[in-house]
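# Secondary and tertiary structure notes
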Amino acid sequence: MKEVIVVGGTDTIFEYLGTIKLNITLVQYKEKITGYQISRATKIILIDEEMSYGEILEQVELEHSRREFDVILTMTENCIDLCSKLKDDLKIEGISKISTGYVRNKYKMRLKFKELGIPTMNFLKVRNKSEIKMFYDDCEVGETILKPLSGTGSEGIVKISGKEDIDSAWSWIGDGTGDLLVEEFVGGSEYSAEGVFVNGKHKLLAITKKYTTGDPHFIETAHIQPYNLPEKYYKKIELYVKMFFESLGIYMGATHTEFKIFRDEVYIIETHTRYGGDRIWELLLLTKGISQQNAIFAEIAQKTADKFPVKFKIAASVFVIPKKMGNTYTLEQLTNLT
């Protein structure tokens, strides 16, 4: 039976194992551990934010000497860097720190797109307002996006629609935060492609339609799945994602790729070596009967993934964002209101 290390995550790591049999050692933060995880994991290695990487590695290496791990993975964004470091030091299967660097850094990701011939907008790494102004002056579309080099879920994103917006955008994103990415704004609707690797090959599972608050910050408010696109766009996103991950030697895990369609071309906004947040993975489970968690473990075990019941033809996750904050109640308090 394969020996697997999973770094971080929630109970869903184990909830969708189904018929797949693996020995799973969970490296988990103390404040995140649950009784369910303790009952399901083969072994628990508890860590905390105060521990150095060397201290974490020492614990994991000790267990590796006993179990001889085959593969390491994570299903959560905030553990990707730790997971890739452990993979390199343990010298086992997983996603390397070098490959992770291209996924976690949007500037490096854009450079890789350019190298591979994958369509991308004009972009520049900047450190101050002067560099942003210079880029804006050369921008043909007249609108740009300023964002951190890393981050997810529209975090830190602000649109610049005119030169007069540069000062406020710079102040909003945070003066002195280091390198930032400025790029041409790409119009069109927003989508994401959900995928997984099967037999070492990337497989596109579904397209999700995204809804946001719009400019200037594009905070995601809803996701609908599945969403049908013309076949030509489906094939393009499938090809571009395959090209990118193959170039990095990534052949395992789930993928979540955010993109737009503009002027008949597909532009990848960002792509990830994990499944989508905001319950997007659950939409896939409800409408396709596919668990990306189960598919990941099935690939490791070299088994066929389990099929789960399809409950709906279409499903959505929606966020309620109030324009004005009011009173806050617990569920118990709500049931007692008259």
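What you are looking at is a predicted structure, and each value in this text was computed from that prediction instead of being measured.

## Some points on the overall build of the chain
- Within the chain one finds twelve helices and 14 strands.
- On the principal axes, the C-alpha backbone points of the chain span a range of 60 × 60 × 45 Å.
- Across the 338 residues of the chain, 51% fall into the buried class.
- Here the chain contributes 44 positive and 48 negative side-chain charges, whose respective centroids are spaced 4 Å apart.

## Notes on the pairing of strand β9 (residues 190–198)
- The buried fraction of β9 is high, at eight of nine residues.
- Sheet topology note: the β9/strand β10 (residues 201–212) ladder contains nine bridges and is antiparallel. The residue bridging serine 192 from the neighbouring strand is threonine 208, located in β10.
- The loop that links β9 with its antiparallel partner β10 comprises two residues; one of these, asparagine 199, has a positive phi angle of about 55°.

## Notes on the packing of helix α4 (residues 80–90) against helix α5 (residues 97–104)
- Viewed as axis vectors pointing N to C, α4 and α5 meet at an angle of 160°, and their least axial separation amounts to 9 Å. With respect to their mutual orientation, α4 and α5 come out roughly antiparallel. In this structure, the crossing between α4 and α5 has a hand that is right-handed. Residues Ile80, Asp81, Ser84, Lys85 and Asp88 of α4 form the contact with α5, whose participating residues are Lys97, Thr100 and Arg104.
- In the contact of α4 with α5, the residues fall into one nonpolar, two polar and five charged.

## Topic: the pairing of strand β11 (residues 220–225)
- Counting buried positions along β11 gives five out of six residues, so the element sits mostly inside the fold.
- Pairing of β11 with strand β14 (residues 315–318) involves four bridges; the strand directions are antiparallel. Bridged to histidine 223 within β14 is serine 317.

## Side note on the packing of aromatic side chains
- The tally for this structure, following the rule as stated, stands at ten aromatic pairs.
- Where tyrosine 16 meets tryptophan 281, the ring centres are 5.7 Å apart and the plane angle is 65°; that geometry is what we call edge-to-face. Of this pair, tyrosine 16 sits in the loop between α1 (12–15) and β2 (23–29) while tryptophan 281 sits in helix α10 (residues 280–288), and the two are 265 residues apart along the sequence. Comparing tyrosine 16 with tryptophan 281, the two get one shared label, buried.
- Here the aromatic cluster, defined as three or more aromatic residues joined through ring pairs, consists of Tyr16, Tyr275, Trp281 and Phe308.

## Points about the sheet that holds β9
- Ordered by their spatial adjacency, six strands build an open sheet running β13-β12-β9-β10-β11-β14, and the pairing between neighbours is antiparallel. At either margin of the open sheet sits one strand with a lone partner, and together these are β13 (265–272) and β14. Direction aside, neighbouring strands of the sheet carry axes that sit 30° apart on average.
- As paired elements, β10 and β11 share four bridges and run antiparallel to each other. Residue pairing for β11: threonine 212 is matched across the bridge by glutamate 220.

## Section: the sheet that holds strand β4 (residues 71–73)
- Spatially, β3-β2-β1-β4 is the arrangement adopted by the four strands of the open sheet, whose pairing is parallel. Whereas interior strands pair on both sides, the edge strands pair on one side only; in this sheet they are β3 (43–47) and β4. Taken pair by pair, the neighbouring strands of this sheet meet at an average axis angle of 20°, ignoring direction.
- Taken together, the five bridges between β2 and β3 define a ladder with parallel strand orientation. The partner of glutamine 28 across the bridge, within β3, is leucine 46.
- Of the strands in this sheet, β1 (3–7), β2 and β3 touch helix α3 (residues 53–67), which is tilted by about 165° from β3.
- Packed on one face of the sheet, helix α11 (residues 292–301) meets β1, β2 and β4 and runs near 165° to β4.

## Remarks on α10
- Among the residues of α10, Ile280, Trp281, Leu283, Leu284, Leu285 and Thr287 are the ones counted as buried.
- At the C-terminal side of α10, glycine 289 shows a positive phi close to 70°.

## As for the side chain of threonine 25
- Within the secondary structure, threonine 25 sits in strand β2.
- The buried category is assigned to threonine 25, whose relative accessible area is 0%.
- Sequence-distant contacts of threonine 25, defined by excluding residues within four places in its chain, comprise Val4, Ile5, Val6, Lys43, Ile45, Arg67 and Phe69.

## Concerning the packing of α3 against α4
- For the pair α3 and α4, interaxial distance at closest approach is 11 Å and the crossing angle is 50°. The angle between the axes of α3 and α4 places the two elements in the oblique class. Pair α3 / α4 crosses with right-handed handedness. Counted together, Tyr53, Ile56, Leu57, Val60, Glu61 and His64 of α3 and Leu82, Lys85, Leu86, Asp89 and Leu90 of α4 form the full contact between these two elements.

Quick notes on the rules
Residues numbered from 1 in each chain as written. Predicted model: local features only at pLDDT ≥ 70, side-chain atom pairs only at ≥ 80, totals over all residues. Heavy atoms only, no water. Helix = DSSP H or I, 4+ residues; strand = E, 2+ residues; numbered from the N terminus. Buried < 20%, exposed > 50% of the residue type's maximum accessible area, 1.4 Å probe, protein only. Lys, Arg positive; Asp, Glu negative; His and termini not counted. Charge placed at Lys NZ, Arg CZ, Asp CG, Glu CD. Pairing = 2+ DSSP bridges. Axes fitted to C-alpha atoms, helices over the stretch in contact; angles between N-to-C directions. Parallel < 35°, antiparallel > 145°, perpendicular 65-115°, else oblique. Left-handed = near helix turned anticlockwise from the far one by under 90°. Contact = heavy atoms within 4.5 Å. Nonpolar A, V, L, I, M, F, W, Y, C, P; charged D, E, K, R; others polar. Phe/Tyr/Trp six-rings, centres within 6.5 Å; stacked < 30°, edge-to-face > 60°.

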